[in-house]
Amino acid sequence: MPIQFASKPGLVAYLTAGDPDLKTTGAIAVAAIDAGADVIELGVPFSDPLADGPVIQRASERALKHGTKLVDVLALAKELRAARPNAGLVIFSYFNPILRYGLEKFCAAAAEAGVDGVLVTDMIVEEAGEYLACLERHMLAPIFLAAPTSPDARLERIAAASKGFVYAISRVGITGTQQSLAADAEGLVKRLRRYTKLPIAVGFGVSNAEHLAAVGEFADAAVVGSALVVTIERSEPAEAPSSIARFIQGLRAPAMQVL
Amino acid sequence: MAALEELEHAYAAAQADPAFHARLDSLLRDYAGRPTPLYFAERLTEELGGAKIYLKREDLLHTGAHKINNCLGQGLLAQRMGKHRIIAETGAGQHGVATATVCALLGMECVVYMGEEDMRRQELNVYRMRLLGAEVRGVSSGSKTLKDAINEAMRDWVTNVRTTHYLLGSVLGAHPYPMMVRDFHRVIGKEARQQIQEKEGRLPTAIIACVGGGSNAIGAFYEFIPDANVRLIGVEAGGRGKKLGEHAARFEGGVPGVLQGTYSYVLQDEDGQIALTHSVSAGLDYASIGPEHAALHDSGRAEYVSASDDAALAATVKLARTEGILPALESAHAVAECIHVAPKLGRHEILIINLSGRGDKDMGILSRELKLKGA
């Protein structure tokens, strides 16, 4: 089913699957959805996460340490789909684990699990022919990253290939929290808007209620990743779902936080 | 992507500009010391009792290895692009030293990423880079070697892409890097091809080079690709065993995969996680291999073999004692293959070893390893 953002701005929550363990990731995802996340991005841990900052690097290392595999993430996705039929569900991965598993086999398994979309960080739209065809056969939405440095022609191509939503990177660089949102983001969203009617989600560095409110002024949704992962890192596993629920509720209540 | 396109265009423009070539050629000649000699290793030849062995002496270049060819090229290119901050990764430290050197020469800011394990192994080169004014940033993630240094350099590049040029040191990464780095090293094979014809009036039986990412090998091979009778032999690091994690022999132990923007043979586990690698030489200790080598392998035009840590160490001693030349541990892998194959060939055959670097940087490792082995 198509990815929908019920709230304005919508909220995409990134979680590294298997951190601290798969069962807890499942409980955290459910808590996040119930607290107001529209879409869950389930991150497949990878040994060389070169688009990620230290927070998600550490989460990947922890998840890999106890052997989290792509098949486990797909099984988790299936459980989540059964538990929360209306939430958006996206698999977030680097390409090599998918390539090794088999692209066709992966797409079939993801579709069967009830996944809505796939974001492969190191898959560029220029080289994505076979990948896009496979996703299309299985009715999975391809999601691409658009950067502030991308020229208009590239944004147009990214917009044309995307389904579900377009992921606008708020600034050049890697994932991670930051104090204030870069001015790059609004300009990028405005440029992207010329080429697509899809929702545009802004990510990289969105970490508090002010950021979410600011993104809401010019985009449809925000992606929160490292801020959630660091909250999980600092929580006892049993407490992590409620910590995440509180964190997301806090994002949704900027006025109260300001007071 | 935008940065790669910018680089591709700038590189094409530089290639078409005679002034760029004139500047590069003059630096290669007067600063780096090109052309490098093609030296007939008479005592080694006699000792092995087979093919005539020639050494392409890239070890005599300024900074001690072939890496300076590419650093001068990309340094001048960065200057043309108006980028004054240079970042680089380094494994053995030779590329880092060459980058730091070129940055000093051109007055540019230089940051070198290096795995902490490699910093420990190649302490002298860390000091050399700092002496040259570069900042060396240790990388503590993953295996703490070359692969992790590249990850960190790429993270820096995407963050500072507007002001920074990433001076990648091997034929790896996304296009145009593998092509560009190859082009800057083509001079090795061009010179060698002409020199061997002057000395012997014919082409060699084979040209042998070590392959980490594969920059010296592709530079040595490239001009010989159309010469179908010349065997091209790449030597990977066989490390200390066949088990995954014990070596860096990508063609023996790897399967096609994507690492750091390159589709090539990759050492990885069944889940597509990149494997740890081992080699006594930091410069060969990498889980993937330049994509052009993968193409040469698959087409059958080049052959790839491996040499173990022990064979490389023994080859180092052999070359030092027969010729008075101390090869880098990386280049010693090519020497080891030559020691293996030369005796099987007749005296009329000719082998060229690309001696990509000198071994001064390896004194610490050699004194530890060779003491253990009683040499």
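Structure's up top.
One structure accompanies this document, and this report is about it. (Residues numbered from 1 in each chain as written. Chains lettered and ligands numbered in written order. Predicted model: local features only at pLDDT ≥ 70, side-chain atom pairs only at ≥ 80, totals over all residues. Heavy atoms only, no water.)

## Quick look at the interface of chain A and chain B
Turning to step 1, where the next piece is worked out: Facing 27 residues of chain A, the contacting portion of chain B comprises 29 residues.
Turning to step 2, where the next piece is worked out: By the criterion of area lost to chain B, the three top residues of chain A are D48, L50 and R100 of chain A, representing 29% of everything that side buries.
Turning to step 3, where the next piece is worked out: Remark: the boundary between chain A and chain B carries 3 salt bridges.
Turning to step 4, where the next piece is worked out: The partner of K69 of chain A in a salt bridge is D271 of chain B, with the nearest N and O atoms 2.7 Å apart.
Turning to step 5, where the next piece is worked out: Applying the counting criterion to the chain A and chain B interface returns 12 residue pairs in polar contact (both at pLDDT 80 or more).
Turning to step 6, where the next piece is worked out: Only α2 (54-65) and α4 (95-101) of chain A provide two or more residues apiece to the side of chain A that touches chain B.
Turning to step 7, where the next piece is worked out: The element contributing the most residues to the side of chain A that touches chain B is α4 of chain A, with 5 residues.
Turning to step 8, where the next piece is worked out: For the side of chain A that touches chain B, a count of residues per class yields 13 nonpolar, 5 polar and 9 charged. (Contact = heavy atoms within 4.5 Å. Buried area = accessible area lost by both parts, 1.4 Å probe. Salt bridge = Lys/Arg side-chain N within 4 Å of Asp/Glu carboxyl O. Polar contact = N/O pair within 3.5 Å; in protein donor to acceptor, adjacent residues only side chain to side chain. Helix = DSSP H or I, 4+ residues; strand = E, 2+ residues; numbered from the N terminus. Nonpolar A, V, L, I, M, F, W, Y, C, P; charged D, E, K, R; others polar.)

## Quick notes on the sheet that holds strand β2 (residues 39-43) of chain A
All names here are of chain A.
Turning to step 1, where the next piece is worked out: With parallel pairing, the 9 strands of this open sheet are ordered in space as β5-β4-β3-β2-β1-β9-β8-β7-β6. Taken across any chain shown, the strands that pair with only one partner, and hence form the sheet edges, are β5 (141-143) and β6 (145-146).
Turning to step 2, where the next piece is worked out: One ladder, built from 3 bridges, connects strand β4 (residues 117-120) with β5; its direction is parallel. Residue pairing in the sheet places V118 in a bridge with P142 of β5. (Pairing = 2+ DSSP bridges.)

## Here we look at helix α12 (residues 291-299) of chain B
Residue and element names in this part refer to chain B.
Turning to step 1, where the next piece is worked out: Those residues of α12 not exposed but buried are H293, A294 and L296. Angular distribution of buried residues about the axis of α12 spans 165 degrees; they occupy a single face of the element. Of the exposed residues in α12, those oriented more than 90 degrees away from the buried face are D298 and S299.
Turning to step 2, where the next piece is worked out: Buried residues in α12 make contact with α10 (215-221), α11 (250-253), β10 (262-266) and β11 (302-308). (Buried < 20%, exposed > 50% of the residue type's maximum accessible area, 1.4 Å probe, protein only. Arc of directions from axis to C-beta.)

## Quick notes on the pattern of salt bridges
Turning to step 1, where the next piece is worked out: Counting across every chain of the model gives 47 salt bridges over all chains.
Turning to step 2, where the next piece is worked out: D116 of chain A is the salt-bridge partner of R81 of chain A, the closest N and O atoms lying 2.9 Å from each other. One end of the pair, R81 of chain A, is in helix α3 (residues 70-83); the other, D116 of chain A, is in the loop between α5 (103-113) and β4, and 35 residues separate them in sequence.
Turning to step 3, where the next piece is worked out: The closest approach of N and O atoms between D184 of chain A and R162 of chain B, which form a salt bridge, is 3.5 Å.

## Focus: the packing of aromatic side chains
Residue and element names in this part refer to chain B.
Turning to step 1, where the next piece is worked out: Taken as a whole and assessed by the stated rule, the structure comprises 13 aromatic pairs over all chains.
Turning to step 2, where the next piece is worked out: An angle of 75 degrees between the planes, with centres 5.7 Å apart, marks the rings of Y11 and F184 as edge-to-face. In this pair, Y11 is assigned in helix α1 (residues 2-15) and F184 in helix α9 (residues 177-200), connecting sequence segments 173 residues apart.
Turning to step 3, where the next piece is worked out: Judged by relative accessible area, which is 3%, Y11 ranks as buried.
Turning to step 4, where the next piece is worked out: With centroids separated by 6.1 Å and ring planes inclined at 75 degrees, the aromatic side chains of W157 and Y177 adopt a geometry described as edge-to-face. (Phe/Tyr/Trp six-rings, centres within 6.5 Å; stacked < 30°, edge-to-face > 60°.)

## Some remarks on the pairing of β10 of chain B
Residue and element names in this part refer to chain B.
Turning to step 1, where the next piece is worked out: In terms of burial, β10 is a largely internal element, 4 of the 5 residues being buried.
Turning to step 2, where the next piece is worked out: Bridge analysis of strand β9 (residues 255-259) against β10 gives 5 bridges, and the strand direction is antiparallel. The partner of G257 across the bridge, within β10, is S264.
Turning to step 3, where the next piece is worked out: Linking β9 to β10, which pair antiparallel, is a turn of 2 residues; within it Q260 sits at a positive phi near 55 degrees.

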